[in-house]
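Close look at the chain arrangement
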Amino acid sequence: MVSIQSRWRYLFMFLGIQLVVMALLSREGYQKRVSYFIRIFRKPDSTGRNHTVAGVSGGDVYANLSHLSKAHHHGDEMPYCPKTSPFIRGPIHVSFPSGLTLAEVQKKNPLVVRGGRYRPPDCEARHRTAIIIPHRHREHHLKFLLYYLHPFLQRQQLHYGIYIIHQAGNYTFNRAKLMNVGFREAMREEDWDCLFFHDVDLIPEDDRNTYVCDSNPKHAAIAMDKFGYKLPYKMYFGGVSALTPLHYLKMNGFPNNYWGWGGEDDDIGVRVSLSGMYITRPSLKVGRYKMIKHKLDKGNDVNPKRFNMLAKTRQTWKTDGMNTAEYETISRQYLPLYTNITVNIGTEAGLHPPSPTPPPPAKGAGKPAVKAPAVKAPAEAPAKGPAKPPAKPPAKLKEGHPESP
Ligand code: UD2
Ligand code: MN
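Computed from a prediction, not measured in an experiment: that's the story for all the values here. (Residues numbered from 1 in each chain as written. Chains lettered and ligands numbered in written order. Predicted model: local features only at pLDDT ≥ 70, side-chain atom pairs only at ≥ 80, totals over all residues. Heavy atoms only, no water.)

**Considering the site of ligand 1**
Contacts to ligand 1 come from 25 residues, most closely from P134, Y236, G239, W261 and E264. Within the side chain of R175, one N or O atom sits 3.1 Å away from an oxygen atom of ligand 1. For ligand 1, the accessible surface in isolation is 720 Å², of which the surrounding protein chains cover 98%. Counting only elements with at least two residues in the shell around ligand 1, the list comes to β4 (128-135) and α6 (264-274). For the shell around ligand 1, the class distribution of residues is nine nonpolar, seven polar and nine charged. (Near = heavy atom within 4 Å. Polar contact = N/O pair within 3.5 Å; in protein donor to acceptor, adjacent residues only side chain to side chain. Areas by Shrake-Rupley, 256 points an atom, 1.4 Å probe, with all protein chains shown as cover. Helix = DSSP H or I, 4+ residues; strand = E, 2+ residues; numbered from the N terminus. Nonpolar A, V, L, I, M, F, W, Y, C, P; charged D, E, K, R; others polar.)

Here it is in structure tokens:
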């Protein structure tokens with residue numbers, strides 16, 4: 001039998017234990033409940049977590065990076081960064097606000113040092129990646145790319161450097177040859193273990209698309225808005241690709257002879273398989289990019305010879321590539337957000353083509369006055385004359401993008 005007094009005692013004890021248990025559980029439960037309500041009512045982008053904007057999900061590319069600037073330096077004793085960075089979040093919201101300046105980009109990236117270099121401040125990076133960007137007259141695009149790319153790479157805890165390879169003069173643009181220049185110039189500076197060859201107008205939309213190399217050449221820009229976020233064709237290798245120095249040398253780099261728009265990306269894709277490698281890709285969900293809308297640039301007309309050249313890649317890849325890339329470095333500038341390398345890559349007629357109206361040979365001179373071209377002239381006649389000094393200001397950016405010819 002239990003007396004009424006002891007019944008009350010049991011009841012109080014029972015209530016007491018319940019209170020203690022509730023107090024212990026409530027700390028975590030309370031936090032969860034509060035954060036649930038915050039998530040429901042917060043403004044878009046206020047926390048940097050993923051949210052949905054008009055059906056496209058994406059977070060702020062700068063979210064949660066600010067505490068890095070307070071991180072300690074441990075000198076030689078720094079541990080390796082984790083295999084998967086804790087900053088990786090997934091989809092990134094990409095938009096192009098007017099009025100953005102390079103000074104703002106610089107302010108938002110306090111840990112980026114001279115020449116556009118970065119190392120994680122609190123751990124030893126597992127990967128060293130150089131970004132190579134062929135460039136001419138696309139400063140507006142470059143500003144947006146830098147705004148997104150710097151924090152994107154920091155989220156991945158990479159040791160990285162950004163190189164802009166700027167084609168000097170107004171002669172026809174040559175994207176692939178500029179990549180060869182970028183490879184040589186970047187490797188001259190640091191022992192990069194991976195190189196990302198990157199169009200200036202492509203903004204990655206998911207930070208799980210890690211800028212590290214695979215065992216084989218990787219095509220990273222697999223899903224672009226301009227192609228409806230689908231791979232346009234199986235061998236497509238344009239936009240953004242990643243190769244180790246060994247991959248690059250194994251396929252003799254990129255071709256030097258594609259002047260103007262088109263074909264060079266397919267040639268590079270063919271080189272990958274001709275040299276006994278294959279193309280790897282991230283998933284369609286992760287390899288997503290937005291291309292800043294534009295028209296075909298002045299000085300980058302569609303290359304009419306591209307199909308004929310592509311048909312011959314098997315015969316040409318060993319004799320046209322990294323082993324024959326000739327150029328002259330005009331300047332190397334270590335700017336706050338990138339290294340700018342301005343380069344003379346010559347013309348189809350060579351690095352120092354003969355002038356169009358050579359002066360008559362001096363009387364009694366034994367040798368011809370005109371120097372032979374430094375690079376073997378192509379079999380077909382050049383489409384345009386040799387490089388002229390810049391006569392006009394940079395072509396203005398135009399809106400819209402042509403249908404891919
Ligand atoms: C496609 C490919 C690109 C390349 C090109 C054909 C995509 C996303 N990209 O780009 O990788 O194969 O076709 O050549 O499909 N550039 C300048 N200044 C110029 C011209 C070009 O900086 O005057 C650079 C810039 O980095 C640009 C890149 O070259 O992103 C490719 O040129 P594009 O953007 O005009 O060609 P697009 O978009 O058709
Ligand atoms: Mn483009």
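**Here we look at the coordination of the manganese ion (ligand 2)**
Every protein donor of the manganese ion (ligand 2) is accounted for by D201 (OD) and H294 (NE2), and the metal-donor separations fall at 2.1 to 2.3 Å. Note that D201 is positioned in the loop between β6 (194-198) and β7 (202-204) and H294 in the loop between β11 (288-291) and α7 (306-310), a separation of 93 residues in sequence. For H294, a relative accessible area of 9% gives the class buried. (Donors = N, O, S within 2.8 Å, 3.2 Å for Na, K, Ca; no water. Buried < 20%, exposed > 50% of the residue type's maximum accessible area, 1.4 Å probe, protein only.)

**Looking at the side chain of Q156**
Among the secondary structure elements, Q156 is positioned in the loop between α3 (139-155) and β5 (159-167). Ignoring any residue separated from it by four or fewer positions in sequence, one finds Q156 in contact with S85, I88, D207, N209, T210 and Y211. (Contact = heavy atoms within 4.5 Å.)

**Here's the deal with the pairing of β4**
Most of β4 is tucked away, with seven of its eight residues classed as buried. The sheet contact formed by β4 and β5 spans eight bridges and is parallel. The partner of P134 across the bridge, within β5, is I165. Between the parallel elements β4 and β5, the chain passes through α3 in a crossover that is right-handed. Here β4 pairs with β6 via four bridges, running parallel. Within β6, the residue paired with T129 across the bridge is C194. (Pairing = 2+ DSSP bridges. Right-handed = clockwise from strand over helix to strand, strands pointing away.)

**A few points about α6**
For the α-helix, the turn length of 3.6 residues means that residues three or four positions removed from each other point alike. Those residues of α6 not exposed but buried are E264, D265, D267, I268, G269, R271 and V272. Buried residues belonging to α6 abut α4 (175-189), α7 and α8 (313-316). Backbone geometry just after α6 places G276 at a positive phi near 85°.

**Some details on the state of the cysteines**
According to the stated counting rule, one finds two disulfides in the structure shown. Here C81 connects covalently by a disulfide to C123, the sulfurs 2.0 Å from one another. Its torsion about the S-S bond being 90°, the disulfide of C81 and C123 is classed as right-handed. Of this pair, C81 sits in the loop between β2 (56-57) and α2 (102-108) while C123 sits in the loop between β3 (117-118) and β4, and the two are 42 residues apart along the sequence. What makes C123 buried here is its relative accessible area of 6%. (Disulfide = S-S within 2.5 Å.)

**Let's talk about unusual backbone geometry**
Of note in this structure, H137 is not a glycine but carries a positive phi near 55°. Note on placement: H137 falls in the loop between β4 and α3.

**Notes on the pairing of β6**
Taking burial as the measure, the five residues of β6 include five buried ones, the bulk of the element. Side chains of β6 alternate between two faces, with C194, F196 and H198 and L195 and F197 buried alike. Here β6 pairs with strand β10 (residues 240-243) via four bridges, running antiparallel. When the bridges of β10 are listed, H198 appears paired with V240.

**Details of the nonpolar core**
One broad trend across soluble globular proteins is that nonpolar side chains are buried collectively. Judged by nonpolar contacts, the single largest core of 45 residues is most densely connected at L153, I162 and Y211. At the level of elements, β4, α3, β5, β6, β7, β10 and β11 are the ones that each hand at least two residues to this core. If one sorts the elements of this core by residue count, α3 sits on top with nine residues. Residues within four places of I162 in sequence aside, it is in contact with G115, G116, I131, I133, L146, L149, H150, L153, L337, Y338 and T339. (Core = buried A, V, L, I, M, F, W, Y, C linked by side-chain atoms within 4.5 Å.)

**Some words on the sheet that holds strand β9 (residues 223-224)**
With mixed pairing, three strands are arranged side by side in an open sheet as β7-β11-β9. Looking along the sheet, the strands with just one partner apiece sit at the ends: β7 and β9. By the bridge criterion, two bridges tie β9 to β11 in an arrangement that is parallel. Each bridged residue has a counterpart across the sheet, and for M224 the counterpart in β11 is Y289.

**Quick word on the environment of R126**
As for its position among the elements, R126 is in the loop between β3 and β4. For R126 and C81, which are 45 residues apart along the polypeptide, the C-alpha to C-alpha distance reads 6.5 Å. What R126 contacts, discounting residues up to four positions off in sequence, is Y80, C81, P82, K83 and D193. Here the side chain of R126 touches C81 through a polar contact of 2.6 Å, landing on its backbone oxygen.

**Let's talk about the packing of aromatic side chains**
A complete count under the given rule lists 14 aromatic pairs for this structure. Relative to W192, the ring of Y163 lies with its centre 6.2 Å away and its plane at 85°, an arrangement referred to as edge-to-face. One end of the pair, Y163, is in strand β5; the other, W192, is in the loop between α4 and β6, with 29 residues separating them in the sequence. Site record: aromatic cluster; members linked through ring pairs are F183, F197, Y248 and F254. Between the NZ or CZ atom of K108 and the centre of the ring of Y62, over which it lies, the distance is 4.7 Å. The ring of Y229 has R288 lying over it, and the distance from NZ or CZ to the ring centre is 3.7 Å. (Phe/Tyr/Trp six-rings, centres within 6.5 Å; stacked < 30°, edge-to-face > 60°. Lys NZ or Arg CZ within 6 Å of the ring centre and 35° of its normal.)

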